[in-house]
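# Remarks on the overall topology
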Amino acid sequence: MGSVRYSLMLALVAGLGLISAPARQQAASHDGGGWQTIAWPFPRDAWPAGRAYRCPATRCGSDVEVYIRPKIGFCSNCATGVADDDEVDRVTDLDLISTRFSPMAEGAAIQVADLKGRARNYQLTKADGSVRAAEGIALSQSCDLIVAVVVGDASSHTAQDAVRELLSEAVTTWVRDILEGRG
């Protein structure tokens, strides 16, 4: 009887471990660069869920969140890639955060690792009336896009450097796998 009770207890502990595993995955984890992995907060749409990260003020100068995901086959001009601000406005996921966003200035060409594209700063007005700074980033390879939205003070050099480092180092392998059909 004791071995049956012990086996049941082990099964219960193992079952609780399995139940709590998703919760542990949803909980924030840290990478080596001070970034905290957070759950993708947006509802399903036509594109796969992406990856989300939070950078604490101690690392980025202010609290910054980054949402990154692929949009395979979505670049409107496969030869030139993301060449203008209209495309950045259209393809980045700013509208998932707020439908009320406006550009702060013209965007600029950007290169992260070997992906080229454009980045543009925005002002977002959230449903509660709060105003946040954001940056939309659209990078392309052939007809495929990787889009990122940075919410927080994306204009500070500290935050920009940290975001570019995240995009180039921590996400490069994941991005390559997705663009090559392995992710």
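Residues numbered from 1 in each chain as written. Predicted model: local features only at pLDDT ≥ 70, side-chain atom pairs only at ≥ 80, totals over all residues. Heavy atoms only, no water.

### Digging into the state of the cysteines
For the structure shown, the criterion picks out one disulfide. Residue pairing for Cys 55: its cysteine sulfur links by disulfide to Cys 60, the two sulfurs lying 1.9 Å apart. Looking down the S-S bond of the Cys 55 and Cys 60 bridge, the torsion is 95°, so its handedness is right-handed. For Cys 55, a relative accessible area of 0% translates into the label buried. (Disulfide = S-S within 2.5 Å. Buried < 20%, exposed > 50% of the residue type's maximum accessible area, 1.4 Å probe, protein only.)

### Considering the pattern of salt bridges
The full count for this structure, using the stated rule, is 10 salt bridges. For Glu 165, the salt bridge is made with Arg 59, and the minimal N-O distance between the two is 3.2 Å. Taken together, the residues span a long stretch of sequence, with Glu 165 in helix 5 (residues 157-170) and Arg 59 in helix 2 (residues 57-60) at a distance of 106 residues. The class of Glu 165 is partly exposed, set by a relative accessible area of 32%. (Salt bridge = Lys/Arg side-chain N within 4 Å of Asp/Glu carboxyl O. Helix = DSSP H or I, 4+ residues; strand = E, 2+ residues; numbered from the N terminus.)

### Focus: the packing of aromatic side chains
The full count for this structure, using the stated rule, is five aromatic pairs. Ring geometry for Trp 40 against Phe 42: centres 5.2 Å apart, planes inclined by 80°, an arrangement best described as edge-to-face. Of the two residues, Trp 40 and Phe 42, both sit in the buried class. Taking the centre distance of 4.9 Å and the plane angle of 65° together, the rings of Phe 42 and Tyr 67 count as edge-to-face. Of this pair, Phe 42 sits in the loop between strand 2 (36-38) and strand 3 (51-55) while Tyr 67 is found in strand 4 (residues 64-71), placing the two residues 25 residues apart along the sequence. The same class applies to Phe 42 and to Tyr 67, which are both buried. Feature note: the residues Trp 40, Phe 42 and Tyr 67 constitute an aromatic cluster, connected by ring pairs. (Phe/Tyr/Trp six-rings, centres within 6.5 Å; stacked < 30°, edge-to-face > 60°.)

### A look at the nonpolar core
With 21 residues, the main nonpolar core has Trp 35, Val 64, Val 66, Ile 68, Ile 137 and Val 163 as its most contacted residues. Within the residue set of this core, elements represented by two or more residues are strand 3, strand 4, strand 6 (108-112), strand 7 (115-125), strand 8 (131-141), strand 9 (144-151) and helix 5. In terms of residue count, the dominant contributor to this core is helix 5 (five residues). The contacts of Val 66, once residues within four sequence positions are left out, are Trp 35, Arg 51, Ala 52, Tyr 53, Val 149, Val 150, Val 163 and Leu 166. Judged by nonpolar contacts, the second largest core, of 18 residues, contains Phe 42, Ile 97, Leu 145 and Val 151. (Core = buried A, V, L, I, M, F, W, Y, C linked by side-chain atoms within 4.5 Å. Contact = heavy atoms within 4.5 Å.)

### Some thoughts on the pairing of strand 9
The buried fraction of strand 9 amounts to eight of the eight residues, a majority that puts the element mostly inside the structure. Two strands pair when backbone bridges link them, and strand 4 and strand 9 are joined in this way by seven bridges, in the antiparallel orientation. Looking at the pairing, Lys 71 lines up with Leu 145 of strand 9. What sits between the antiparallel neighbours strand 8 and strand 9 is a turn of two residues, in which Ser 142 has the positive phi angle 55°. (Pairing = 2+ DSSP bridges.)

### Section: the environment of Cys 143
As for its placement among the helices and strands, Cys 143 is situated in the loop between strand 8 and strand 9. In the structure, Cys 143 is positioned 61 residues away from Val 82 in sequence and 9.6 Å away in space, judged by C-alpha atoms.

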